[in-house]
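Observations on the model geometry
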Amino acid sequence: METSRPPVARLRWGTEERLLYPDQKIRLGRAAENDVVLNDPKVSRNHAELEWNGTGFTLRDLGSINGTSVNGQRLVNTTRLLRDGDEVLLSKQVISYEIIRAEQAAPITGRASVGTTEPLGQIGSFLVVSGGPDMGQEYPLWGEIVTIGRASQEATWEIRLTDRSVSRPHARLEHRDDGFYLVDLESANGTLLNGIPVQFPIMLKDGDVISVGETRLTFYAR
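Residues numbered from 1 in each chain as written. Predicted model: local features only at pLDDT ≥ 70, side-chain atom pairs only at ≥ 80, totals over all residues. Heavy atoms only, no water.

1. Some remarks on the pairing of strand β3 (residues 25-29)
Side-chain direction in a regular strand flips from residue to residue, so the side chains alternate between the two faces of the sheet. Sheet topology places β3 next to strand β5 (residues 48-52); four bridges connect them, and they run antiparallel. Among the inter-strand pairings, arginine 27 is bridged to a residue of β5, identified as glutamate 49. Bridge count between β3 and strand β4 (residues 36-37): two bridges; the pairing is parallel. Each bridged residue has a counterpart across the sheet, and for glycine 29 the counterpart in β4 is valine 37. (Pairing = 2+ DSSP bridges. Helix = DSSP H or I, 4+ residues; strand = E, 2+ residues; numbered from the N terminus.)

What follows is the structure in structure tokens.
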């Protein structure tokens, strides 16, 4: 999956939203393991699925009890290519689908605040959440130190994840003369780099996968 691409679409429901990227497959439902979790008792645990087909996202129902509809038309043993402005209904949960054009793309969130408009670290390097609750989020690595941890009201770190198995804080990236190094911060569940526990600072390479809790972050060096 080319996660370095900009988002191509957006889901909105209530006060929440989810950006969609090429080549993604997104599960929607009540169960916590879904990519989009809907806390509605009439939504099935695994209700529906969105999948990239090369030109857009198709929607299919996963055998839900109360059904899935698009603009009032119920999906029955079929998929539906979503179009800009479509209204998706999972039981009574309304979700709007919006195509993002280049001029509409929202600024990337999660930038480290370093008190300057110029990046201090390796220009262009960034992390992409390639697995876990915050799937699709991108974090440019601006600054000499970028800390990763679980989101909370008291959190002061730059990358704040909603994954409950991530420590507060969990790990950090340190920018040195030859690149970025990954350091575990004595986290409860440990930090892995390409599946191997991090026991001392280790230099990152383009495409490396960092695992913290149930979250995977892919490192892109530019």
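2. Structural notes on the pairing of strand β1 (residues 9-13)
Most of β1 is tucked away: four of the five residues are buried. Bridging between β1 and strand β11 (residues 93-99) involves four bridges; their strand directions are antiparallel. Paired with leucine 11 across the two strands is tyrosine 97, which belongs to β11. Where β1 lies against strand β2 (residues 16-20), five bridges are found, and the strand directions are antiparallel. Residue pairing across strands places leucine 11 opposite arginine 18, the latter belonging to β2. Between β1 and the antiparallel strand that follows it, β2, lie two residues; glycine 14 among them carries a positive phi value of about 55 degrees. (Buried < 20%, exposed > 50% of the residue type's maximum accessible area, 1.4 Å probe, protein only.)

3. A closer look at the packing of aromatic side chains
Under the definition given, this model contains three aromatic pairs. Ring centres 5.2 Å apart and planes at 65 degrees place the aromatic pair tryptophan 52 and phenylalanine 57 in the edge-to-face group. Using a relative accessible area of 17% as the deciding quantity, one classes tryptophan 52 as buried. Ring geometry for phenylalanine 126 versus tyrosine 220: centroids 5.2 Å apart, planes at 20 degrees, classification stacked. Placement of the pair is phenylalanine 126 in strand β12 (residues 126-131) and tyrosine 220 in strand β22 (residues 215-220), with a sequence separation of 94 residues. (Phe/Tyr/Trp six-rings, centres within 6.5 Å; stacked < 30°, edge-to-face > 60°.)

4. A look at the sheet that holds strand β17 (residues 179-184)
The strand order β15-β14-β16-β17-β20 describes an open sheet built from five strands, whose pairing is mixed. The open sheet terminates on both sides in strands that have one partner only, identified here as β15 (159-161) and β20 (202-203). Across two bridges, β17 lies against β20 in antiparallel orientation. Residue tyrosine 181 lies in a different strand from β20, and its bridge partner there is methionine 203.

Honestly, it's all geometry; don't read function into it.
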